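# Descriptive structure summary
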Amino acid sequence: MKLNVCPGCLSEGFETYCVKCTKLLFDGKKISHILNFTRPEFNKIKMDSKARLSISGIQIKHSLRIIENELKLTERGGQFILKPIPSGQFTNLYQVPANEHLTMQIANQVYNIKTAVNGIIFFLDDETAYITRRFDVTGEDKRLLQEDFAQITGRTEETHGKNYKYDFSYEEIANLIKKYVSAYPIEIEKYFRVVLFNYLFSNGDSHLKNFSLFRNQKYGDYLLTPFYDLLNTSLHVPNETGMALELFKDEFQTEAFKAGSKYTRPDFVEFAKRLEIKEIRYNRILDEITGKTKKVEELISRSFLNDNMKSEYLKSYQNRLGRLRF
Ligand SMILES: [Zn+2]
């Protein structure tokens, strides 16, 4: 696979991971952007080792760790998560790794949203996969205690039914952040930013398990973890509208929502107010997230999506942008 952009940050003029991405992803170790096995070989290894496959949503994830400067499959002590092309009934699934990679890069590079470190990597047969570094692994077998909001609220399929990840609102998550996170004024702006981002980039699957807190073992308080699993789901689930969760915990609707049945800027203003974010701050965040269009367009054009998907991605972004600028 011959490249002309860094498969980490999408900077031009690189044939593999650039120095900065090599440092971020692999602590400076020179790791090839091509794995030394094909996808079918890889699946076979998984079958043979009888490793437990963890299936989250539509994706099968594999754990990897660096052994002698190569990424190897592992059952224990994984440092990376590899997400190959998923299977299922959704459309354009072979573009999922490129979509997730692009969306994560836009969040981080354009809007300063702290995300899990990630990149594109290839199987030996050129098939694309998404690789992300586990942020809960801090050193040789050291782990940070991480809990997602399904765990924090004690919701499982057994206790709350099949829809347990979706029967909630973004406002209720904010209330929990207020309850647990002592740095609430700072952390809640990060949360507001990413909820807004998810709407702008049509991430329609941002549910309870896609937000997590780290527990500070020394002081017992909590902080938001980096964000993960950000992707434009409208490319794969074309009829999807809106968001995974409702914004508000009650039946409240803004006048604009009543008129158009979709979220626009006034809904996010109301949301920010309920989160107790100051007017000057939420206006700044709204302006920032709906600005920087040129940078977004550049990253889309340099991404690993095919041309058709690039144009679909851009269209969906421009459509939501129109709503948020209203
Ligand atoms: Zn790079």
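Here we summarise the structure given alongside this text. Owing to the predicted nature of the structure, the values given are computational and were not obtained by experimental measurement. (Residues numbered from 1 in each chain as written. Predicted model: local features only at pLDDT ≥ 70, side-chain atom pairs only at ≥ 80, totals over all residues. Heavy atoms only, no water.)

In terms of helices and strands, the protein carries 12 helices and 11 strands. Here the protein has a C-alpha radius of gyration of 20 Å; the compact-globule value for 326 residues is 20 Å, and the two agree. Its C-alpha atoms give the protein principal-axis dimensions of about 55 × 45 × 35 Å. Looking at the 326 residues of the protein, the share that counts as buried comes to 50%. By element, 50% of the accessible surface of the protein is carried by carbon and sulfur atoms, the whole surface being about 16,200 Å². (Helix = DSSP H or I, 4+ residues; strand = E, 2+ residues; numbered from the N terminus. Rg over C-alpha atoms; globule rule 2.2 N^0.38 Å. Buried < 20%, exposed > 50% of the residue type's maximum accessible area, 1.4 Å probe, protein only. Areas by Shrake-Rupley, 256 points an atom, 1.4 Å probe, with all protein chains shown as cover.)

This paragraph deals with the coordination of the zinc ion. Protein-derived ligands of the zinc ion are Cys-6 (SG), Cys-9 (SG), Cys-18 (SG) and Cys-21 (SG), with the metal-ligand distances lying across 2.3 Å. Classification of the site at the zinc ion as tetrahedral follows from its four donor atoms and the range of 103 to 115° in their angles at the metal. Coordination of the zinc ion draws on donor residues from a single chain, spaced C-x2-C-x8-C-x2-C in sequence. Of this pair, Cys-6 sits in the segment before helix H1 (19–26) while Cys-18 is found in the segment before H1, placing the two residues 12 residues apart along the sequence. A relative accessible area of 0% places Cys-6 in the buried class. (Donors = N, O, S within 2.8 Å, 3.2 Å for Na, K, Ca; no water. Tetrahedral: all angles 85-135°; square planar, octahedral: opposite > 155°, others 65-115°.)

Judged by nonpolar contacts, the single largest core of 71 residues is most densely connected at Ile-106, Tyr-111, Tyr-170, Ile-173, Tyr-191, Phe-192 and Phe-268. If you tally residues by element for this core, the top one is helix H7 (residues 184–200), at 10 residues. Two domains each put at least three residues into this core: domain 1 (19–138) and domain 2 (143–325). Discounting chain neighbours no more than four positions away, the residues touching Ile-173 are Phe-149, Phe-168, Tyr-191, Leu-208, Phe-211 and Leu-245. Cys-6, Phe-26, Phe-37 and Leu-64 belong to the second largest nonpolar core, which has 20 residues in total. (Core = buried A, V, L, I, M, F, W, Y, C linked by side-chain atoms within 4.5 Å. Domains from an automatic or database assignment. Contact = heavy atoms within 4.5 Å.)

Bear in mind that shape data such as this cannot, by itself, settle questions of function.
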